[in-house]
There are 2 protein chains.
Amino acid sequence: MSMKENAHQMKIDSPALAATSVEQRNRALELIAQALEANAEVIFAANAQDMDAAAAMGVTPQVLKRLKFNDAKLRDVIDGIHQLIGLPDPLGKITLARELDEGLVLRRVSCPIGVIGVIFEARPDALVQISTLCLKSGNCAILKGGKETAHTNRALFDIIKENAVAAGLPESCLLQAESHDEIGELLACDHDVDLLIPRGSNDFVRYIMDNTKIPVLGHADGICHIYVDAKADQDMALPLIIDAKTQYAAACNAVETILVNRTIASEFLPKLAQACADAGVKVRGTQEVAGIIACETMGEDEFATEYLDLILSVKLVEDVEEAIDHINRFGSHHTDCILTSDDAVSERFMQMVDSAGVYRNASTRFADGFRYGFGAEVGISTSKIHARGPVGLEGLVTYKYRLTGEGHIVGDYASGVRAFSHKDIEL
Amino acid sequence: MSMKENAHQMKIDSPALAATSVEQRNRALELIAQALEANAEVIFAANAQDMDAAAAMGVTPQVLKRLKFNDAKLRDVIDGIHQLIGLPDPLGKITLARELDEGLVLRRVSCPIGVIGVIFEARPDALVQISTLCLKSGNCAILKGGKETAHTNRALFDIIKENAVAAGLPESCLLQAESHDEIGELLACDHDVDLLIPRGSNDFVRYIMDNTKIPVLGHADGICHIYVDAKADQDMALPLIIDAKTQYAAACNAVETILVNRTIASEFLPKLAQACADAGVKVRGTQEVAGIIACETMGEDEFATEYLDLILSVKLVEDVEEAIDHINRFGSHHTDCILTSDDAVSERFMQMVDSAGVYRNASTRFADGFRYGFGAEVGISTSKIHARGPVGLEGLVTYKYRLTGEGHIVGDYASGVRAFSHKDIEL
């Protein structure tokens, strides 16, 4: 079947997955965890093929590390599945109950989104996390993983699908897309796919966003800032900035720009320059910064650059207001932090900065579903519509309004024969 | 200034509106309500100009009624504003609070979406409802109303804007677009406008959805169904169907198709035909239906038609499963109803039908923000992403994650020096 036909069948079958009990869905996750363990050697053998091919292509050690699926990573994904089983059912939650009139009761109840397409980078553990998050939340999923781990993906997918179906979930609950051409076909399935979650390079995510009518959840850029306020604890600031830049420089939540309050610049910048030098971080700064410490100078328009590397942009600002303006203008609405001991200034920053994560005295690298305690994440959203920030189970559900009456008609309310009571019912 | 420049300035100023207190926003609504009352004659005079022009153009009495802004409608919108003032603040609500580790606390807090563009039909009361909903929820709004009420719109907008600013809300909180060309300019403002809410004809909404990168909330079609189950109370069914079809036939939540369980067809269809004849509703049916009652016959592919008129499509189905399949295939995911006394069948229907509203024994016409007790609505969404069904204050907010630490860095958790506690804090 073509992608279009497959997606259409999945859409037709998706209510059947929505109607499964949490016991059934957890049972599927249980079987999947057991089967992954039992088939470890098959998975590792498939991964060895991918690793050999990647090594032959001269892939960097950094990337090889991401492609690798070893015992430690298997352990992690199995732990993740057990965490997911332990989380409460995201479906059937009543978030509003209201008596509109005698015998006429409105309830807002959570339900799956339906059919979700996820396109993700070559990371085998991501395939397991994404597919199990979708199953737990009752969503059918079309998965397209990076081609560099094609053998590992196939081995993992087959185990997951087989055991989901063995647990009684519908046959078309999961589908794997393996060829690159299928991405284009998937983007055209706007009648059957409810949501797309692309992960990967900025250019790739932007391409997806520009080439489909399906709603897209995710983020292209991750331009995160740290503003060092006049009342920042400078001893706290240095290791925190270094962590935010270097703990994983290629991550979307790594910091790119440090904004420093002008009143502390002459004291703080030399310490920052030293800490950066020690950590192998190159500093780029405005003319004003370059007048205080030795650094490469940069222009104003370069502050929209995501380095994904051990490089920091530095700029001086007058006050928290200028920091806020800079972040809202140059940032990507991902995660931004203020370092200060001043409650009022911090509150102003957290209220006015228009980002999914607004932090005080904590590294931007905390922006992550696992660290937030969501079990796992399908991605991080910088969209303001639907889900924002790390997207776990709650971001994978929507709701429907259920209204039950006893033959109630609107004409009676229009004519004044009856009136609405609008009494909320305790949840 | 051009629309682009205006929208850009609005975006820059939007955090200032987000930071206002609910007292300030309610104070603005209070001033607006008073000023609308005090300026009634000015508004009515402006409306008289619109009515004269419309009458000269030969507009139908039905449409004229919608354009009219009289004392009763003024009363309604002022009542609506007072209701809105009485609703709790949708901003600053904490929906998750979790200690990630000692001194590291995560909170998910509701906040405005930012800049919302609303394009709506020529109905002056809609302008008041939409602008006040946006102000209460802290959103800047660009409003483009139907040109047939241009004078009334201008009078209302000027009063609303002037009093919002007088109450201390930012100067650029509201903007009115008056020329049709500005719609195209608005659609191109994807960097500054966070959400578009188009209302009006199906073709118009579809045009908007197809011609912008801005997320769109709303609905094009409203193809609603009522399924009359074998265990339906037939005496209840007839007035309910007539209400759902005739109470306001041009509304999106009016019913278009009646699905009847085959086992009761010979008994129920003649009664339905009589009720329709009495109410002036024309019946169209499949060949099978036409074999039982006199009606125009129709093909399967015509079930995707929204009549917006006193016409009903009728079809027989084997059981609730066939009804569900038909609705998910031909419906527009707006509002669909089952008439039955069977709890299990009803539950199956409500779980499997993939619509914003799933009803039991109640008219589809109840799908409305006012009737749901939301105060008012900016529109009804058939999207599954973000807000679904009637969209009131809650659909106009998003959230941000606030994280406060004491210098916490991710490196300590990666190295095992510290571990996450993930303890939820009572809300």
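Computed from a prediction, not measured in an experiment: that's the story for all the values here.

Could you clarify how one ought to interpret empty space enclosed by the protein in this entry?
Rolled over the atoms, a probe with the dimensions of a water molecule shows which regions are left empty. Under the counting rule described, the total for this entry stands at four cavities of 30 Å³ or more. Considered as a void within the structure, the largest cavity measures approximately 110 Å³ in volume. Lining the largest cavity are 14 residues; nearest its centre among them are A:Pro15, A:Ala18, A:Pro112, B:Asp354 and B:Lys384. Residue assignment for the lining of the largest cavity shows that the elements contributing at least two residues are helix 1 (3-18) and strand 2 (104-112) of chain A together with helix 14 (343-352) of chain B. It is helix 1 of chain A that provides the largest number of residues to the lining of the largest cavity, a total of three residues. Of the residues belonging to the lining of the largest cavity, the class tally is seven nonpolar, four polar and three charged. Counted as a void, the second largest cavity has a volume near 60 Å³. Around the second largest cavity, the lining residues are A:Lys144, A:Gly145, A:Gly146, A:Lys147, A:Ala150, A:Asn153, A:Gln176, A:Ala177 and A:Glu178. Grouping the amino acids of the lining of the second largest cavity by side-chain chemistry returns two nonpolar, four polar and three charged.

Can you help me understand the UniProt feature "domain: Aldehyde dehydrogenase" (unreviewed entry) in chain A in this one?
The sites that UniProt annotates as "domain: Aldehyde dehydrogenase" (unreviewed entry) are residues 13-279 of chain A. With 51% helix and 17% strand, residues 13-279 of chain A has end C-alpha atoms that lie 53 Å from one another.

Hey, could you run me through the domain arrangement of chain A in this one?
Size of an interface, as often reported, equals the accessible area lost when the parts are brought together. All names here are of chain A. For chain A, the domain assignment lists domain 1 (3-218 + 383-400) and domain 2 (224-366). Relative to domain 2, the C-alpha centre of domain 1 lies at a distance of 35 Å. Contact with domain 1, which involves six residues of that partner, is made by five residues of domain 2. Both faces combined, the contact of domain 1 with domain 2 buries some 420 Å², and carbon together with sulfur accounts for 36% of it. When the buried surface of domain 1 facing domain 2 is broken down by residue, Asn202, Lys384 and Arg388 rank first, second and third, together holding 69% of it. Viewed at the interface, domain 2 and domain 1 are joined by two salt bridges. With a shortest N-O distance of 3.2 Å, Arg388 and Asp354 are connected by a salt bridge.

Help me understand the side chain of B:Arg371, please; the structure alone is not making it clear to me.
Turning to its location among the elements, B:Arg371 is positioned in the loop between strand 13 (357-362) and strand 14 (379-381). The charged side chain of B:Arg371 is buried without a salt bridge, its nearest counter-charge being B:Asp368 at 4.3 Å. Non-local contacts of B:Arg371, meaning those with residues more than four positions away in its chain, are made with A:Leu100, A:Val410, A:Phe420, A:His422, B:Asn253, B:Arg365 and B:Phe366.

What's the story with the sheet that holds strand 7 (residues 224-228) of chain B in this structure? I'm lost.
Strand pairing in a sheet relies on backbone hydrogen bonds. The paired strands run either parallel or antiparallel. The eleven strands lie next to each other as 17(A)-1(A)-2(A)-16(A)-13(B)-12(B)-7(B)-8(B)-11(B)-9(B)-10(B), forming an open sheet whose pairing is mixed. Of all strands in the sheet, those with a lone pairing partner are strand 17 (423-424) of chain A together with strand 10 (296-297) of chain B, marking the two edges. Judged from the five bridges that link them, strand 8 (residues 255-261) of chain B and strand 11 (residues 311-317) of chain B form a sheet pairing that is parallel. What sits directly across from B:Asn261, in strand 11 of chain B, is B:Val317. Helix-sheet contacts for helix 10 (residues 234-246) of chain B involve strand 16 (397-408) of chain A together with strand 7, strand 8, strand 11, strand 12 (335-339) and strand 13 of chain B, and the interaxial angle to strand 8 of chain B is about 160°.

Explain the relation of the copies chain A and chain B to me, please; I cannot follow it from the model alone.
The two chain copies are related to each other by a rotation about an axis together with a translation along it. Rotating chain A by 180° and translating it 0.0 Å along the rotation axis places it on chain B, where the RMSD comes to 0.0 Å. One copy is carried onto the other by what is essentially a two-fold rotation axis. For chain A, the minimum C-alpha distance to the rotation axis belongs to A:His386 and amounts to 1.8 Å. Here 100% of the contact residues of chain A are again contact residues in chain B; the copies associate through an equivalent surface.

Teacher, can you tell me more about the nonpolar core here?
Nonpolar side chains in soluble globular proteins tend to be buried together. With 114 residues, the main nonpolar core has B:Leu36, B:Ile226, B:Val228 and B:Ile258 as its most contacted residues. With residues up to four places along the chain from it excluded, the contact list for B:Val228 reads B:Ile241, B:Ile258, B:Leu259, B:Val260, B:Asn261, B:Ile264, B:Phe268 and B:Leu339. Counting 113 residues, the second-largest nonpolar core is a separate cluster that includes A:Ala237, A:Val281, A:Tyr359 and B:Val410.

Teacher, can you tell me more about the pairing of strand 13 of chain B here?
Working note: regular strand, side chains alternate between the two faces of the sheet. Within strand 13 of chain B, six of the six residues are buried, which leaves the element mostly enclosed by the surrounding structure. Of the pairings in the sheet, the one linking strand 16 of chain A to strand 13 of chain B comprises five bridges and is parallel in character. For A:Thr404, the partnering residue across the bridge sits in strand 13 of chain B and is B:Arg360. As paired strands, strand 12 of chain B and strand 13 of chain B are joined by four bridges and run parallel to one another. Looking at strand 13 of chain B, one finds that B:Cys337 is bridged to B:Tyr359. In this fold, strand 12 of chain B hands off to helix 14 of chain B, which returns the chain to strand 13 of chain B; that crossover is right-handed.

Is there a simple way to think about helix 13 (residues 320-330) of chain B in this case?
All names here are of chain B. All buried positions along helix 13 are accounted for by Val320, Ala323, Ile324, His326, Ile327 and Phe330. One side of helix 13 carries all its buried residues, which in axial view fall inside an arc of 165°. Buried residues in helix 13 make contact with strand 7, strand 8, strand 11, strand 12 and helix 14.

Just checking my understanding: could you explain the interface of chain A and chain B for this structure?
Opposite the 75 residues of chain A that make contact, chain B presents 75 residues. Linking chain A with chain B are ten salt bridges. Measuring nitrogen to oxygen at the nearest pair gives 3.0 Å for the salt bridge that ties A:Arg402 to B:Glu347. At the junction of chain A and chain B, the tally comes to 46 residue pairs in polar contact (both at pLDDT 80 or more). If you tally residues by element for the side of chain A that touches chain B, the top one is strand 16 of chain A, at eleven residues. Split into classes, the residues belonging to the side of chain A that touches chain B amount to 38 nonpolar, 18 polar and 19 charged.

Sorry, what's going on with the pattern of salt bridges here?
A pair can form between side chains of opposite charge whenever their charged atoms are brought close. As enumerated under the stated definition, the model contains 61 salt bridges over all chains in all. A:Glu394 is the salt-bridge partner of B:Arg108, the closest N and O atoms lying 3.3 Å from each other. Here B:Arg108, found in strand 2 (residues 104-112), pairs with A:Glu394, found in the loop between strand 15 (389-391) and strand 16, and the two come from separate chains. If you follow the salt bridges from partner to partner, you end up with A:Lys11, A:Asp194, B:Asp354, B:Lys384 and B:Arg388 in one network.

Teacher, can you tell me more about the packing of aromatic side chains here?
By convention here, two paired aromatic rings are described through the distance between centres and the angle between planes. Considering all chains together, one arrives at 19 aromatic pairs over all chains under this definition. Considering the side-chain rings of A:Phe366 and B:Phe420, the 6.3 Å spacing of their centres and the 85° angle between planes classify their relative orientation as edge-to-face. Taken together, the residues A:Phe366 in the loop between strand 13 (357-362) and strand 14 (379-381) and B:Phe420 in the loop between helix 15 (411-414) and strand 17 (423-424) connect one chain to another. The exposure class assigned to A:Phe366 is buried, which follows from its relative accessible area of 0%.

Rules behind the numbers
Residues numbered from 1 in each chain as written. Chains lettered and ligands numbered in written order. Predicted model: local features only at pLDDT ≥ 70, side-chain atom pairs only at ≥ 80, totals over all residues. Heavy atoms only, no water. 1 Å grid on protein atoms, 1.4 Å probe; cavity = no way out; pocket = protein on both sides within 12 Å on 5 of 7 lines; lining within 4 Å. Points joined across faces, edges and corners; volume = space filled by probe spheres on them. Helix = DSSP H or I, 4+ residues; strand = E, 2+ residues; numbered from the N terminus. Nonpolar A, V, L, I, M, F, W, Y, C, P; charged D, E, K, R; others polar. UniProt positions renumbered as here; feature names shortened; annotations may be inferred. Domains from an automatic or database assignment. Contact = heavy atoms within 4.5 Å. Buried area = accessible area lost by both parts, 1.4 Å probe. Salt bridge = Lys/Arg side-chain N within 4 Å of Asp/Glu carboxyl O. Buried < 20%, exposed > 50% of the residue type's maximum accessible area, 1.4 Å probe, protein only. Lys, Arg positive; Asp, Glu negative; His and termini not counted. Pairing = 2+ DSSP bridges. Axes fitted to C-alpha atoms, helices over the stretch in contact; angles between N-to-C directions. Least-squares fit on C-alpha atoms with pLDDT ≥ 70 in both. Core = buried A, V, L, I, M, F, W, Y, C linked by side-chain atoms within 4.5 Å. Right-handed = clockwise from strand over helix to strand, strands pointing away. Arc of directions from axis to C-beta. Polar contact = N/O pair within 3.5 Å; in protein donor to acceptor, adjacent residues only side chain to side chain. Phe/Tyr/Trp six-rings, centres within 6.5 Å; stacked < 30°, edge-to-face > 60°.

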